[in-house]
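One-letter residues, chain by chain:
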Amino acid sequence: MKINFLIIILSALILSACSEKSEQGGDAATSDAKDRELQEYKLEVAKAQAKARFPGDTISLRDYIRDSYPAGTYLVEFDRTLTFNIPKPAVIYYRGDNNYIFAVIAKSKPGERNIETKNIVGYESSFINLDSTKLGTAFFWLTLFSYDKDGNFSRIWESEVPRHGGFNSMSLNRWGPNNTLYVDLNFEDGIISGHLDFNFFMVDGITQPPHLMETYVGIVSKRVIDDVNHDKYPDYKEYLFNTTKWKLDSLYQVRIIDSIPFYWSVKKQLYINDRNKRWFRKY
């Protein structure tokens with residue numbers, strides 16, 4: 001009797017909580033109003049805990065994103081390097097002629113539930129392309145912002161990242177002969193047992209939309225940056241692998257058997273090669 005009575009009480013509490021959630025318009029995943037309310041609360045907590053502030057800091061940027069983008073849009077964070085460390089926001093400050101910020105923004109797909117950033121970062125989320133959209137679909141964007149001395153933001157450009165999960169980190173680098181500035185967005189990929197890098201090259205300067213090129217390394221896949229035709233656009237080599245079974249046991253040997261250079265065709269707006277015209281890539 002005591003067990004049955006306890007079950008009845010717990011059931012009543014659960015029904016009450018569900019009813020309350022329904023009356024309030026759902027949770028942050030299904031209610032835009034709740035999502036904004038939650039973001040505002042987190043920002044107020046961050047402001048209260050901040051020991052030092054400066055114009056254009058990440059708290060101000062989060063504020064700007066909340067006010068300027070649709071609900072379900074967030075500033076992404078790096079994957080945790082340790083279990084208990086504090087995630088680092090995916091931003092890079094770059095001071096050239098003006099004050100700039102490269103930032104990774106995740107937008108929720110309209111018509112689906114709002115995403116949660118914890119579900120699009122790290123190794124586990126790299127399988128999201130094989131999963132349903134029950135957790136929402138994220139669209140990543142590398143975005144360049146500028147800000148003035150008062151911390152007022154302007155969006156210069158945004159470039160879509162062709163990936164929905166597995167974000168790990170970002171870095172600012174220089175490439176090769178032309179010393180071209182580029183931003184590398186690193187994504188974990190459990191499907192290829194490796195990682196992907198989406199490289200955004202500032203071939204026409206920092207204020208112009210960047211040129212995207214993908215590289216990757218996996219167990220039987222590899223693509224690396226190269227300079228094939230010596231123009232301002234980066235190129236790459238794509239490697240071909242062969243898997244053979246050892247005669248003495250059941251192990252397999254994986255080895256590189258060839259590499260194919262791809263270069264950017266300005267006319268076709270594609271990566272092409274001289275070996276087979278049917279082999280081409282968008283990025």
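Residues numbered from 1 in each chain as written. Predicted model: local features only at pLDDT ≥ 70, side-chain atom pairs only at ≥ 80, totals over all residues. Heavy atoms only, no water.

### Notes on the overall build of the protein
Next, step 1: Along its length, the protein carries 3 helices and 13 strands.
Next, step 2: When burial is assessed residue by residue, the protein has 40% of its 283 residues classed as buried. (Helix = DSSP H or I, 4+ residues; strand = E, 2+ residues; numbered from the N terminus. Buried < 20%, exposed > 50% of the residue type's maximum accessible area, 1.4 Å probe, protein only.)

### Points about the layout of surface pockets
Next, step 1: Of the pockets and cavities examined, the largest pocket occupies roughly 1,200 Å³.
Next, step 2: Lining of the largest pocket is provided by 37 residues; of these, K42, R62, L75, E77 and T117 occupy positions nearest its centre.
Next, step 3: Secondary structure elements with two or more residues in the lining of the largest pocket: α2 (32-49), α3 (58-68) and β1 (73-75).
Next, step 4: For the lining of the largest pocket, the class distribution of residues is 19 nonpolar, 6 polar and 12 charged.
Next, step 5: Roughly 230 Å³ of internal volume is contained in the second largest pocket.
Next, step 6: As for the second largest pocket, its lining consists of 13 residues, and the residues nearest its centre are S159, P210, H211, L212 and W264.
Next, step 7: For the lining of the second largest pocket, the secondary structure elements donating two or more residues are β5 (153-161) and β9 (211-217).
Next, step 8: Its residues assigned to classes, the lining of the second largest pocket comprises 8 nonpolar, 2 polar and 3 charged. (1 Å grid on protein atoms, 1.4 Å probe; cavity = no way out; pocket = protein on both sides within 12 Å on 5 of 7 lines; lining within 4 Å. Points joined across faces, edges and corners; volume = space filled by probe spheres on them. Nonpolar A, V, L, I, M, F, W, Y, C, P; charged D, E, K, R; others polar.)

### Remarks on the nonpolar core
Next, step 1: Judged by nonpolar contacts, the single largest core of 31 residues is most densely connected at F102, F140, F167, M170 and L185.
Next, step 2: Those residues within four positions of M170 in sequence are excluded, and the remaining contacts are F78, A90, V91, I92, F102, V104, L142, V183, D184 and L185. (Core = buried A, V, L, I, M, F, W, Y, C linked by side-chain atoms within 4.5 Å. Contact = heavy atoms within 4.5 Å.)

### Remarks on the packing of aromatic side chains
Next, step 1: Across all of its chains, the model carries 21 aromatic pairs by this definition.
Next, step 2: The interplanar angle of 40° and the centroid separation of 5.4 Å between the aromatic rings of Y64 and F153 together place this pair among those described as tilted. Taken together, the residues Y64 in helix α3 and F153 in strand β5 connect sequence positions 89 residues apart.
Next, step 3: By relative accessible area, which is 11% here, F153 ends up buried.
Next, step 4: Ring geometry for F78 and F167: centres 6.2 Å apart, planes at 70°, overall edge-to-face. A residue pair is termed long-range when its members are at least 10 positions apart, and F78 in the loop between β1 and β2 (91-95) and F167 in strand β6 (residues 167-175) qualify at 89 residues. This pair shows no difference in class: F78 is buried, exactly as F167 is.
Next, step 5: Here a set of aromatic residues connected by ring pairs shows up, and it is made of F54, Y64, Y93, F145, Y147 and F153.
Next, step 6: Its guanidinium or amino end placed over the ring of Y236, R223 lies 4.0 Å from that ring's centre, counting from NZ or CZ. (Phe/Tyr/Trp six-rings, centres within 6.5 Å; stacked < 30°, edge-to-face > 60°. Lys NZ or Arg CZ within 6 Å of the ring centre and 35° of its normal.)

### Some details on the pairing of strand β7 (residues 180-189)
Regular strands have side chains that alternate between both faces of the sheet.
Next, step 1: Counted residue by residue, β7 has 10 buried out of 10 residues, so it is predominantly covered.
Next, step 2: Of the two faces of β7, the one holding T180, Y182, D184, N186 and E188 and the one holding L181, V183, L185, F187 and D189 are both buried throughout.
Next, step 3: Pairing between β6 and β7: 8 bridges, direction antiparallel. Pairing of L172 across the sheet is with V183, part of β7.
Next, step 4: Two successive antiparallel strands, β6 and β7, enclose a turn made up of 4 residues, where G176 displays a positive phi of approximately 45°.
Next, step 5: Looking at chain direction, β7 and strand β8 (residues 194-201) are connected through 8 bridges and run antiparallel. The residue bridging E188 from the neighbouring strand is H195, located in β8. (Pairing = 2+ DSSP bridges.)

### Brief notes about the confidence of the model for the protein
Next, step 1: With 84% of its residues at a pLDDT of at least 70, the protein reaches an overall mean of 85.
Next, step 2: Every residue in residues 1-25 is under pLDDT 50, and counting partners more than four places away or in other chains gives 4 contacts. (pLDDT = per-residue confidence, 0-100.)

### A short note on the packing of α2 against α3
Next, step 1: The contact between α2 and α3 brings their axes to 10 Å, and the two run at 165°. It follows from the interaxial angle that α2 and α3 lie roughly antiparallel. Here α2 runs over α3; the crossing is left-handed. Residue-level contacts link R36, Q39, E40, L43, A46 and K47 of α2 to I59, R62, D63 and R66 of α3.
Next, step 2: Of the residues assigned to the contact of α2 with α3, the class counts are 3 nonpolar, 1 polar and 6 charged. (Axes fitted to C-alpha atoms, helices over the stretch in contact; angles between N-to-C directions. Parallel < 35°, antiparallel > 145°, perpendicular 65-115°, else oblique. Left-handed = near helix turned anticlockwise from the far one by under 90°.)

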